[in-house]
Amino acid sequence: MAACTALEPMTKATADQLAEQDFESVVATHRAQIFRFLLASTRDVDLAETLTQDCFLKAHRNWSGFRGESSAMTWLMRIAINLQKDNWRNRRLQFWRQTRANAVDVDEASDWLPSGERSAEQQMLAREQVANVWRSVDKLSGRQRTVFLLRFVEELELKEIADATGLSEGTVKAHLSRALSRVRTDLGEK
Amino acid sequence: MERNDEMLVRGSQVPEPDELDLKTREAIGNFKASVHAWSDAMVSRPRKEPQQAARKTWRLTPGWVLGCFVFVGAVGGGLYQNHHQQELARIAAVREAEQQRQIAAERARQEEDLLAKVDSDISREVPSAMEPLAALMTDEESK
């Protein structure tokens, strides 16, 4: 019994150390993806960085409670989605502030294109397409936008999106279908 | 809510990204590539923001300090002025009351003197009321 008591602190310390290492590897693996999703959702670099920090801070605090029922990425994405929702709600309450004060506009966001071997004309066309999708995404409801971004930017499976958003798979499908239909219509009109 | 969800689900078909029509697929593909490029650029950029923010804070600090001084000065000056005026008014009231009291005391003293003078002027020596009777009694007793 005495041996157990003597060993216990060391075991706990080792477990903590292992958990810390695990968490560090989780941060290294998923940070960029979480940031990207938040950036696409908010179009605000500073806000996306802050929310990413908050997301990992929250995840670190609750890391011991993470039982691996879903993947770490889905779990982190769920935290990020909730933080983004909270932030949006808080900003809407602070009605005297401009809600998208630091968000870049659609044209500025469309300037970012991978440096590939494209002609100037192709680059311009691609930029135009990206701007149109941004405009279309802007018109989507919060849920539709989240589901659309998770599916077509993060390339998550429907099951993963359902886990991350807390919606049923059927509801995810429905939101996705509507979002896609909207984007298609908007692209077709151009 | 459940009913809405059911209504939403009914008839919704979601094509895989590869199954989209060419135009949509191309647009969404470019959109995805653009978001990735933007995000990658932002992740790998040198982080100057905290320094800039700190510098901005330092730039703002003297303004705030000066503003606070001016505000405190204005409010403090106003309060001091108000207090000073109240104090002056109080002193003036005390002086006024003291003056009134002195005047009243002087008047009372003068009236008293006057009454005393009148008393002394008009008062005469009168015989004692019992003196004649006393004289009579003495005569009868001698008889």
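Since we're looking at a predicted model, the values are computed, not measured.

Here we come to the overall build of chain B. A count of helical and extended segments in chain B gives four helices and zero strands. When the helices and strands of chain B are read in sequence order from the N terminus, they spell out α-α-α-α.

Before going further, it helps to spend a moment on the interface of chain A and chain B. Taken residue by residue, the interface counts 30 residues in chain A and 26 residues in chain B. For the side of chain A that touches chain B, the secondary structure elements donating two or more residues are helix H1 (2-42), helix H2 (45-61), helix H4 (106-110), helix H5 (120-139) and helix H8 (169-189) of chain A. Counting residues per element, the side of chain A that touches chain B draws most heavily on H8(A), at ten residues.

Here we come to unusual backbone geometry. Negative phi is the rule for most residues except glycine; trans is the rule for most peptide bonds. All names here are of chain A. A positive phi is found at Arg43, a non-glycine position, where the angle reads about 55 degrees. Considering the arrangement of structural elements, one finds Arg43 in the loop between H1 and H2. Its 22 C-beta neighbours within 10 Å are what place Arg43 among the buried residues. Even without being glycine, Glu155 reaches a positive phi, approximately 55 degrees. Note on placement: Glu155 falls in the loop between helix H6 (142-152) and helix H7 (158-165).

Bringing the nonpolar core into the picture now. Membership of the largest hydrophobic core comes to 47 residues, with the highest contact counts inside it found for Ile34(A), Leu38(A), Cys55(A), Leu76(A), Ala80(A) and Val133(A). Of all the secondary-structure elements, those providing two or more residues to this core are H1, H2, helix H3 (72-93), H5, H6, H7 and H8 of chain A together with helix H2 (22-44) of chain B. Residues contacting Cys55(A), with those up to four places away along its chain left out, are Ile34(A), Leu76(A), Ile79(A), Ala80(A) and Leu83(A).

The subject of this paragraph is the confidence of the model for chain B. Residues and elements named next belong to chain B. In the predicted model, chain B carries a mean pLDDT of 78, and 72% of its residues have values of at least 70. Model confidence for chain B, summarised as mean pLDDT per element, is weakest for helix H1 (residues 2-9) at 47 and strongest for H2 at 88. Across residues 1-8 the pLDDT falls below 50, and counting only partners more than four positions away or on other chains, this stretch makes five contacts in the model. Model confidence for the complex: the whole-complex pTM is 0.61, and ipTM, which rates the interface, is 0.81.

Moving on to H6(A). Extensive coverage of H6(A) is indicated by the burial of eight of its eleven residues. Every buried residue of H6(A) is accounted for by Gln144(A), Thr146(A), Val147(A), Phe148(A), Leu149(A), Leu150(A), Arg151(A) and Phe152(A).

Criteria and thresholds
Within each chain, residues carry numbers counting from 1 in the order of the written sequence. Here chains are named by letter from A upward and ligands by number from 1 upward, in the order in which they appear as written. Note on the predicted model: pLDDT of at least 70 is required for a residue's local features to be given, and 80 or more for side-chain atom pairs to be given and counted; whole-chain, interface and lining totals, by contrast, use all residues. Under the scheme used here, helices are H or I runs from DSSP no shorter than 4 residues and strands are E runs no shorter than 2 residues, and both carry numbers assigned from the N terminus. Contact between two residues is assigned when their C-beta atoms, built from the backbone, lie within 7 Å. Counting other C-beta atoms within 10 Å of each residue's C-beta, where C-beta atoms are placed from the backbone, gives the exposure class: buried for 20 or more, exposed for 12 or fewer, partly exposed between. We define the nonpolar core as any set of buried residues of the types Ala, Val, Leu, Ile, Met, Phe, Trp, Tyr and Cys, connected via C-beta atoms lying within 7 Å of each other. On a range of 0 to 100, pLDDT expresses the predictor's confidence in each residue.

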